[in-house]
Amino acid sequence: MATEKNSRSVRDATLDLLRELGMTTIFSNPSHTEMKLFESWPSDFRFVTGLQEASVVGMADGYAQATGAPSLVMINGGPGLGNAMGSVYTAASAHTPMVILGGQQARKMLQGAPFLHAKDATQLPQPYIKWAAEPARPQDVPALLAKAYHIAKQHPQGPTFVAVPEDDWVRPAGPPVKVRTVEQAVVPNPAVLAKVAEELNAAERPALVAGPAIDAQGARYDLVRLAEKLGATVWGSPVWPRASFPESHPQFAGVLPPIPELISEKLGQHDVVAILGSPAFTLFTTADLFSTEDAELDSSAPPELPEGTRFLHVTDDPEAASWSMADAVYVCPPGQVVKQLGTLVRQRDGLAAPVPKQTYPVPEASEPLTQAYLFHLLSQELPEDAVLFEELPIARADFHEQIPLGPSNGYFATASGALGFPFAGAVGYALARPDRRAVVVVGEGSAQYTLHALWTAAQHRLPVTFVIPNNSGYLSLKYYLADQKAWQAGWDLSDVDMAQLAKGFGCAAERITSPDGLRDSLKKALSADGPVLLDVVVEDPGLFRL
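Before going into details, it helps to say that this report is about the structure given with it.

Conventions we followed
- Residues numbered from 1 in each chain as written.
- Predicted model: local features only at pLDDT ≥ 70, side-chain atom pairs only at ≥ 80, totals over all residues.
- Heavy atoms only, no water.
- Helix = DSSP H or I, 4+ residues; strand = E, 2+ residues; numbered from the N terminus.
- Buried < 20%, exposed > 50% of the residue type's maximum accessible area, 1.4 Å probe, protein only.
- Contact = heavy atoms within 4.5 Å.
- Phe/Tyr/Trp six-rings, centres within 6.5 Å; stacked < 30°, edge-to-face > 60°.
- Axes fitted to C-alpha atoms, helices over the stretch in contact; angles between N-to-C directions.
- Parallel < 35°, antiparallel > 145°, perpendicular 65-115°, else oblique.
- Left-handed = near helix turned anticlockwise from the far one by under 90°.
- Nonpolar A, V, L, I, M, F, W, Y, C, P; charged D, E, K, R; others polar.
- Pairing = 2+ DSSP bridges.
- Core = buried A, V, L, I, M, F, W, Y, C linked by side-chain atoms within 4.5 Å.

### Notes on the side chain of His150
Phase 1 of the analysis: Among the secondary structure elements, His150 is positioned in helix 5 (residues 141-153).
Phase 2 of the analysis: The class of His150 is buried, set by a relative accessible area of 16%.
Phase 3 of the analysis: Apart from the residues lying within four places of it in its own chain, the contact partners of His150 are Arg180 and Val182.

### Thoughts on the packing of aromatic side chains
Phase 1 of the analysis: Scanning all chains against the criterion turns up 15 aromatic pairs.
Phase 2 of the analysis: Note on Phe375 and Phe399: the rings are 5.8 Å apart at their centroids and 80 degrees apart in plane angle, and the pair reads as edge-to-face. Here Phe375 is found in helix 12 (residues 371-381), whereas its partner Phe399 is found in helix 13 (residues 397-402), with 24 residues between them in sequence. Assigned by exposure class, Phe375 and Phe399 land together as buried.
Phase 3 of the analysis: When the centroid spacing of 4.8 Å and the interplanar angle of 45 degrees are considered together, the rings of Phe423 and Phe466 count as tilted. A residue pair is termed long-range when its members are at least 10 positions apart, and Phe423 in helix 14 (residues 421-432) and Phe466 in strand 16 (residues 464-470) qualify at 43 residues.
Phase 4 of the analysis: Given a relative accessible area of 1%, Phe423 falls into the buried group.

### Brief notes about unusual backbone geometry
Phase 1 of the analysis: Following Gln126, the chain continues to Pro127 via a peptide bond in cis, the omega torsion being 0 degrees.
Phase 2 of the analysis: Topologically, Pro127 is positioned in the loop between strand 4 (98-104) and strand 5 (131-133).
Phase 3 of the analysis: In this structure, the amide linkage connecting Ala280 to the following residue, Phe281, adopts the cis form with an omega of 5 degrees.
Phase 4 of the analysis: Considering the arrangement of structural elements, one finds Phe281 in the loop between strand 10 (272-276) and strand 11 (310-315).
Phase 5 of the analysis: Residue Asp120 is not a glycine yet carries a positive backbone phi of 45 degrees.
Phase 6 of the analysis: Considering the arrangement of structural elements, one finds Asp120 in the loop between strand 4 and strand 5.

### Brief notes about the packing of helix 1 (residues 10-21) against helix 5
Phase 1 of the analysis: With their axes 9 Å apart at the nearest point, helix 1 and helix 5 run at an angle of 25 degrees to one another. By the angle between their axes, helix 1 is roughly parallel relative to helix 5. Every pair of crossing elements has a handedness; the one defined by helix 1 and helix 5 is right-handed. On the side of helix 1, the interface is formed by Val10, Ala13, Thr14, Leu17, Leu18 and Leu21, while helix 5 contributes Val141, Pro142, Leu145, Ala146 and Tyr149.
Phase 2 of the analysis: Residue composition of the contact of helix 1 with helix 5, grouped by class: ten nonpolar, one polar and no charged.

### Here's the deal with the pairing of strand 10
Phase 1 of the analysis: Counting buried positions along strand 10 gives five out of five residues, so the element sits mostly inside the fold.
Phase 2 of the analysis: Bridging between strand 7 (residues 206-210) and strand 10 involves five bridges; their strand directions are parallel. Paired with Ala207 across the two strands is Val273, which belongs to strand 10.
Phase 3 of the analysis: Sheet analysis places strand 10 next to strand 11, joined by five bridges and oriented parallel. What sits directly across from Ile275, in strand 11, is His313.

### Digging into the sheet that holds strand 14 (residues 410-413)
Phase 1 of the analysis: Judged by pairing direction, the sheet is parallel, and its six strands sit side by side in the order 14-13-15-16-18-17 without closing on themselves. Each edge of the sheet is formed by a strand with only one pairing partner; in this case those strands are strand 14 and strand 17 (508-512). Mean inter-strand twist for the sheet, computed between neighbouring axes without regard to direction, equals 15 degrees.
Phase 2 of the analysis: In this structure, strand 13 (residues 387-391) lies alongside strand 14, joined through four bridges in parallel fashion. Bridging from a neighbouring strand, Val387 pairs with Gly410 of strand 14.
Phase 3 of the analysis: Along the sheet, helix 12 makes contact with strand 15 (438-442), strand 16 and strand 18 (532-537), crossing strand 16 at roughly 160 degrees.
Phase 4 of the analysis: The strands that helix 14 touches are strand 13, strand 14, strand 15, strand 16 and strand 18; relative to strand 13, the one it contacts most, it runs at about 160 degrees.

### Details of the nonpolar core
Phase 1 of the analysis: Of all hydrophobic cores here, the largest spans 60 residues; its most connected members are Leu208, Leu223, Phe245 and Leu518.
Phase 2 of the analysis: When residues no more than four places from it in sequence are discounted, the contact partners of Leu518 are Leu369, Tyr373, Leu374, Leu377, Ile512 and Val536.
Phase 3 of the analysis: With 54 residues, the next largest nonpolar core counts Val48, Ala118, Ala163 and Val427 among its residues.

Purely spatial values, then, with no claim about function.
This is the structure in structure tokens:
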């Protein structure tokens, strides 16, 4: 406990610091090692409980992406953090600013192996963390927290971690931590801007690749103006975790596939390509790995981009710059580059020719339902400013074909191969932006990873609509394993009733198996006071299409 000479505890000092930093919303699934922080919890803090740590970190991820500021998480630093690592991995991939406080056992017990012990606590989240620390003294906790906040906030942003022994919270605090102003003051070099503008102005067939940092840095509409002024074709960066350009815009050509040979095929038609705010490039596989034949000694070249096309790459991530395949790489804030390039490039004569887009037939009602028909109806009922969270790893094409996202729509998807972000991320987003409807479109397989977020959505009556195109299986297992019958127990989810699961968490839900009433159900779910889940049984959409 605090002494009479110093009546302030580390807990008191930390809460004061968090107030000054504006971090008064905390996401948590507390265990024994965190309880001392929560004793005498103040009324001006908002405590958001999640039922499992993966959901807790996923909700904090969505909250931070909505606010643009670091979110705050408190979970056990051993098994709790282990449960959350898939979500930490995704937050790191998305460059989400976040501070994670990990509960540690009391100092006097650390010499042994106590229950809930976080052994080598700072090592567990590595390498998917920007910075991690453990206080040498209890009174160092607030200063370490301030440092974690500023490191998480600086570009390239990302999660940080501080492990705090349980008894530190009630020890005497040191002198108050002075809250410093640490602002992003990096600006693009005018010479670099002039050079990039000169190359784009001289291009005959320019293209821009829109990465997630453009939207995160508030330059989405600036990119639209830049593209229109240049008459440039715009591609979405591979994986497309955040929409930095409206998919409905006539100059949008689609999302690049995460396969180098296909990227080269699409970008090879341009003479100059500027990659803005994304790695160059996030890849999933290479064409030769589609073969099921035995492979010979690998003497192939690493992935490369087409010759004859000049690639310029703008990123705020020095590591991404170090392995970029582009011809010229500039490390500076992509959002600022886009905003300033708009005044430096020349207006091209006439209107840019629209990018030829493939047309798709209007899906028809059927039994069983198709997911294309579901998405077609959903697109007609969506609020104009709805924010969509999507995770359809093997059936994504129908979503983007039937729901071309407009200029007022937000869009988020997982930035990594880990599943579960959209289900929890939408709940965190809605906590930060209850004025907008969050719409989650996630398969019944992906939903299992952060299903517990439904309880938090119901507790807070959040404006989230969960739409589950339920195809009754893990299709990646079904289609990638040759002997399907032997693996059927692994991919068959035909008995999973998402509506009943949602109701068990206190969320309104409906299971839909025919087109009758589907449109009305969508309308009601998109305007409900509180969360609603629609479990829509659809036929198997088949192997994924790029």
